[in-house]
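Below, each chain spelled out in residue letters.
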Amino acid sequence: MIYKGILNGCSTDIATQAGELNNFISDNLHSEDTVGSTILFYSEKEQRDALIRLVPTESVKLVRITRYQPENILKALTTMEQGEMTHLYLFPSGFAGSEMAVRLAFRMKGSSLVQVKQIEYSGVQLIASKTVYANHVLGTFKLTKKPYCVSLAKGSANDQAINTRDKLIVTEYDMTHLHENQFIKASKAIPRKQASNLTNTRFLLIGGNGMKNKADTQYLKQIADTIGADFGVSRPVAMSGWTSLHRQVGVSGSMTKAAVCIVAGASGAAAFYAGIEKSKFIVAINTDSRAPINKTSDVAIIDDYKAVLDELVKVMREDRPI
Amino acid sequence: MNILVCFIAAPDLDKLIEEDWVIDKDLQIDTSFLKPTLNSYDESAIEIALRLSDASQKTKVSINHKALTIASTPATTILKTLNALRFKQVVRIDSQDDFRFRPGAIAYILSQYVLKHATQDVLFLGRQSTVGENAKTHLLVAERLGWPCITQVSGIEVIDENHLVVTSQVDDGQIRQKIQTPCVLCIGEVPNTFMRVPTIKDRMLYGKRPIEILSTTDFQLPDETEELLDLKVISHERHGIFIEGETPEQKARELYKMYLKERLEKI
Ligand SMILES: Cc1cc2nc3c(=O)[nH]c(=O)nc-3n(C[C@H](O)[C@H](O)[C@H](O)COP(=O)(O)OP(=O)(O)OC[C@H]3O[C@@H](n4cnc5c(N)ncnc54)[C@H](O)[C@@H]3O)c2cc1C
């Protein structure tokens with residue numbers, strides 16, 4: 001099987017993209033007759049060498065472009081890959097990855113699946129699994145038409161180091177001549193002001209809809225600051241605008257892996273839980289003894305989160321100055 | 001400007017309890033006892049279309065917004081609500097097919113609707129449905145129509161009959177683009193865009209307007225290139241030890257002493 005990983009080196013999350021691909025490749029594509037390479041799009045010349053070091057395969061096609069605009073990338077990919085015998089294209093989990101997987105498959109008359117956790121290739125078809133039913137169920141799918149284009153499930157990167165290779169085969173392409181698609185008349189990138197630090201936090205306090213309003217959300221954020229935890233929220237809190245979207249935890253937010261994660265006033269819906277399931281130790285504080293979060297935590301307190309957390313701050317203060 | 005909002009009503013899966021998650025031999029999960037609801041992406045898409053229509057006096061661009069769903073059950077309450085919210089037209093494409101994991105078929109129907117039944121300038125679709133989580137339909141519709149597509153849209157302003165300014169999330173921030181129609185816009189996470197509630201007066205006046213009903217048999221469906229083989233319920237159970245105590249204060253102290261102190265010291 002021949003596969004290619006596609007990376008967007010124009011985005012500042014490139015290290016996460018590369019980590020995801022690296023991890024997925026080592027978990028799923030290790031049979032001897034598997035040959036892989038990477039196609040890396042980038043725009044800044046100065047970053048070229050640093051980007052190459054992130055490549056998870058032995059050979060890489062480096063494609064220089066002016067800007068990562070989906071219509072242009074599709075044009076570049078379909079032109080470059082015409083007549084190639086690639087069976088599988090792998091895209092990272094981000095927005096760009098899922099978009100490219102689906103559209104490339106359509107243009108190359110192949111099949112696609114997004115947010116894929118695992119694959120298996122039988123020689124005639126690709127079997128791939130992903131979560132469905134709002135993260136409650138694992139679905140297994142058969143992809144019948146080559147090339148198979150899949151994007152990876154979020155949170156699949158771990159800390160596994162990428163093998164930096166001595167003999168990397170690099171082929172360079174210049175596609176800076178590709179013009180902006182006609183439908184765009186003007187564009188302005190707005191870089192993220194606050195990057196989410198939740199993905200790598202060791203101690204996390206999460207507030208859910210049980211907080212009920214903006215003032216209580218700010219109150220919980222203060223508690224988090226006092227006890228030295230990072231602060232995350234469930235989706236209804238972010239959607240109500242009680243705090244910024246970058247604090248959202250779950251399949252549509254950050255995927256965390258804290259050593260200690262305290263969840264206050266969240267029911268523990270599967271789409272939320274996916275964002276904390278890699279935590280080492282989970283504490284739930286909920287007034288409802290039947291809330292799903294109680295069973296999916298290590299320990300649970302059935303009570304009002306404010307009363308519990310106020311006292312937790314006190315006891316932590318008594319024990320060590322915080 | 002003709003805007004078509006495509007949505008799907010689905011059961012609120014958060015309402016299912018553990019025992020309800022039973023997969024039968026046809027790979028179905030019985031959710032028939034749950035009320036169909038809109039997921040937050042579709043809610044935002046509907047509300048954004050309504051806000052653009054509200055702003056039409058200011059922009060001087062009249063908005064002709066339609067809402068369309070492909071559904072096997074009538075989901076009557078939602079369709080009536082959309083009527084009461086004064087969508088110019090509400091369309092249901094009736095179908096008895098199992099479309100849970102067939103984004104290709106849905107995209108085909110939607111694109112054919114636009115090409116054959118009602119020309120549009122802009123299509124709004126939510127990012128993904130709750131059940132299938134396919135996250136492909138908007139992209140496939142765009143490909144079938146040969147239109148550009150912007151994903152993760154969080155803001156839309158109408159400039160004139162043929163132009164919009166669209167803000168969308170990208171992997172390392174946001175991008176604001178002035179674009180020309182036609183295009184497909186996929187609505188992502190947009191805070192403060194809960195669907196508004198119609199007034200009782202509007203419910204009485206407009207709620208019962210007729211809904212246009214078509215059938216999927218009017219459309220010839222393509223073969224799917226992905227096929228569902230199996231479904232398995234995921235279990236996340238942990239110890240779930242309840243910390244007992246007379247008061248919340250007692251429980252907090254127990255939590256710290258028994259479970260947190262040592263762990264936090266290692267962080
Ligand atoms: C495609 C899709 C993607 C999604 N992505 C995400 C995601 O990334 N993140 C996410 O969070 N959700 C996501 N969701 C939504 C998810 O399914 C749930 O609706 C959401 O997580 C519920 O949030 P919650 O638990 O905070 O709110 P609720 O379900 O309303 O729960 C509030 C909880 O607070 C408890 N409570 C109330 N008052 C108190 C009090 N004083 N003290 C203690 N407890 C109290 C209640 O008992 C209840 O259990 C997604 C859904 C879909 C369909």
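Residues numbered from 1 in each chain as written. Chains lettered and ligands numbered in written order. Predicted model: local features only at pLDDT ≥ 70, side-chain atom pairs only at ≥ 80, totals over all residues. Heavy atoms only, no water.

**Some words on empty space enclosed by the protein**
So, point 1. Applying the stated criterion across every chain, the model contains three cavities of 30 Å³ or more.
So, point 2. By volume, the largest cavity is sized at about 70 Å³.
So, point 3. Along its surface, the largest cavity is lined by A:Ile6, A:Asn8, A:Asp13, A:Gln17, A:Tyr68, A:Phe91, A:Pro92, A:Gly94, A:Ala96, A:Gly97 and B:Asp171.
So, point 4. Within the residue set of the lining of the largest cavity, elements represented by two or more residues are strand 1 (2-8) and helix 4 (95-107) of chain A.
So, point 5. Here the residues of the lining of the largest cavity sort into five nonpolar, four polar and two charged. (1 Å grid on protein atoms, 1.4 Å probe; cavity = no way out; pocket = protein on both sides within 12 Å on 5 of 7 lines; lining within 4 Å. Points joined across faces, edges and corners; volume = space filled by probe spheres on them. Helix = DSSP H or I, 4+ residues; strand = E, 2+ residues; numbered from the N terminus. Nonpolar A, V, L, I, M, F, W, Y, C, P; charged D, E, K, R; others polar.)

**Description of the environment of B:Ile179**
So, point 1. Following the sequence through the fold, B:Ile179 ends up in strand 9 (residues 173-180).
So, point 2. A C-alpha to C-alpha distance of 8.4 Å links B:Ile179 and B:Asn162, two positions 17 residues apart in sequence.
So, point 3. Residues contacting B:Ile179, with those up to four places away along its chain left out, are A:Phe183, A:Ile184, A:Lys185, B:Ile150, B:Asn162, B:His163, B:Leu164, B:Val166 and B:Leu185. (Contact = heavy atoms within 4.5 Å.)

**Considering the interface of chain B and chain A**
So, point 1. If you look at the interface, chain B gives 81 residues, while chain A gives 92 residues.
So, point 2. Carbon and sulfur atoms make up 58% of the surface buried where chain B meets chain A, a total of about 7800 Å² over both sides.
So, point 3. Considering only the surface of chain B that becomes buried against chain A, B:Glu143, B:Asp171 and B:Arg238 emerge as the three largest contributors, covering 11% of it.
So, point 4. Inspection of the region where chain B meets chain A yields 53 residue pairs in polar contact (both at pLDDT 80 or more).
So, point 5. Going through the elements one at a time, helix 1 (40-54), helix 5 (137-145), strand 7 (149-160), strand 8 (163-170), strand 9, strand 12 (226-233), strand 13 (241-242) and helix 7 (248-265) of chain B are the ones with two or more residues in the side of chain B that touches chain A.
So, point 6. Sorting elements by how many residues they give to the side of chain B that touches chain A places helix 7 of chain B first, with 12 residues.
So, point 7. Here the residues of the side of chain B that touches chain A are counted per class, giving 36 nonpolar, 19 polar and 26 charged.
So, point 8. Pairing between strand 15 (residues 299-302) of chain A and strand 13 of chain B: two bridges, direction parallel. (Buried area = accessible area lost by both parts, 1.4 Å probe. Polar contact = N/O pair within 3.5 Å; in protein donor to acceptor, adjacent residues only side chain to side chain. Pairing = 2+ DSSP bridges.)

**Regarding the sheet that holds strand 14 (residues 281-286) of chain A**
In any sheet, the strands associate via hydrogen bonds between backbone groups, in a parallel or an antiparallel arrangement.
So, point 1. Strand order in the open sheet made by the six strands is 12(A)-11(A)-13(A)-14(A)-15(A)-13(B), with parallel pairing throughout. Edge positions in the open sheet fall to strand 12 (230-233) of chain A together with strand 13 of chain B, since each of these has one partner strand only.
So, point 2. Here strand 13 (residues 260-264) of chain A runs beside strand 14 of chain A; their pairing, made up of five bridges, is parallel. Paired with A:Val260 across the bridge in strand 14 of chain A is A:Phe281.

**Observations regarding the environment of A:Thr79**
So, point 1. Along the chain, A:Thr79 falls in helix 3 (residues 70-81).
So, point 2. In this structure, the C-alpha to C-alpha distance between A:Thr79 and A:His177, residues 98 residues apart in sequence, is 14 Å.

**Concerning the domain arrangement of chain A**
Residue and element names in this part refer to chain A.
So, point 1. The domains assigned to chain A are domain 1 (2-174) and domain 2 (203-318).
So, point 2. On a C-alpha basis, the centroid separation for the pair domain 1 and domain 2 is 34 Å.
So, point 3. On the side of domain 2, nine residues touch domain 1, which itself brings six residues to the contact.
So, point 4. Regarding the contact of domain 1 and domain 2, the summed buried area is about 610 Å², with carbon and sulfur atoms giving 48% of it.
So, point 5. Of all residues in domain 1, the largest losses of buried area upon contact with domain 2 belong to Asn135, Lys154 and Gly155, amounting jointly to 70% of the total for that side.
So, point 6. At the junction of domain 1 with domain 2, the criterion picks out zero salt bridges.
So, point 7. Linking domain 1 with domain 2 are three residue pairs in polar contact (both at pLDDT 80 or more). (Domains from an automatic or database assignment. Salt bridge = Lys/Arg side-chain N within 4 Å of Asp/Glu carboxyl O.)

**Quick look at the pairing of strand 9 of chain B**
So, point 1. Relative to strand 9 of chain B, strand 10 (residues 184-191) of chain A runs antiparallel, the two being bridged by seven bridges. Across the sheet, residue A:Ala189 finds its bridge partner in strand 9 of chain B, namely B:Ile175.
So, point 2. Where strand 8 of chain B hands over to strand 9 of chain B, the hairpin turn is made up of two residues, counted between the paired strands.

**Quick word on the pattern of salt bridges**
Close approach of charged atoms lets side chains of opposite charge pair.
So, point 1. As enumerated under the stated definition, the model contains 36 salt bridges over all chains in all.
So, point 2. In this structure, B:Glu18 and A:Lys295 form a salt bridge, with 2.9 Å as the shortest nitrogen-oxygen distance. Placement of the pair is B:Glu18 in the loop between strand 2 (9-11) and strand 3 (36-38) and A:Lys295 in helix 8 (residues 292-295), with the two residues belonging to separate chains.
So, point 3. Taking relative accessible area as the criterion, A:Lys295 reaches 43% and is therefore assigned partly exposed. (Buried < 20%, exposed > 50% of the residue type's maximum accessible area, 1.4 Å probe, protein only.)

**Examining the packing of helix 4 (residues 103-117) of chain B against helix 5 of chain B**
Residue and element names in this part refer to chain B.
So, point 1. In the contact formed by helix 4 and helix 5, the axes pass within 8 Å of each other and the chain directions differ by 45 degrees. Taken as axis vectors, helix 4 and helix 5 run oblique relative to one another. Where helix 4 crosses over helix 5, the two elements pack in a sense that is right-handed. For the pair formed by helix 4 and helix 5, the contact residues are Pro103, Gly104, Ile106, Ala107, Tyr108, Leu110, Ser111, Val114 and Leu115 on the first element and Thr137, Leu140, Val141, Arg144 and Leu145 on the second. (Axes fitted to C-alpha atoms, helices over the stretch in contact; angles between N-to-C directions. Parallel < 35°, antiparallel > 145°, perpendicular 65-115°, else oblique. Left-handed = near helix turned anticlockwise from the far one by under 90°.)

**What to know about helix 4 of chain B**
Residues and elements named next belong to chain B.
So, point 1. Across its 15 residues, helix 4 extends 20 Å between first and last C-alpha, which sits within 8% of the 21 Å expected from 1.5 Å per residue.
So, point 2. Here helix 4 lies mainly inside the structure; 12 of its 15 residues are buried.
So, point 3. In the core, the buried residues of helix 4 are packed alongside strand 1 (2-7), strand 4 (64-71), strand 5 (89-94), strand 6 (122-126), helix 5 and strand 11 (212-215). (Expected span 1.5 Å × (residues − 1).)

**Side note on the site of the ligand**
So, point 1. Near the ligand lie 30 residues; those nearest to it are A:Ser234, A:Ser252, A:Ser267, A:Asn286 and A:Asp304.
So, point 2. Around the ligand, the neighbouring residues derive from chains A and B rather than from a single chain.
So, point 3. At 3.0 Å from a nitrogen atom of the ligand is found a side-chain nitrogen or oxygen belonging to A:Lys212.
So, point 4. Side-chain polar atom of B:Asp14 to an oxygen atom of the ligand: 2.7 Å apart, as the coordinates give it.
So, point 5. Alone, the ligand offers 990 Å² of accessible surface; in the complex the protein occludes 84% of this.
So, point 6. Of all the secondary-structure elements, those providing two or more residues to the shell around the ligand are helix 6 (235-239), helix 7 (270-273) and strand 14 of chain A. (Near = heavy atom within 4 Å. Areas by Shrake-Rupley, 256 points an atom, 1.4 Å probe, with all protein chains shown as cover.)

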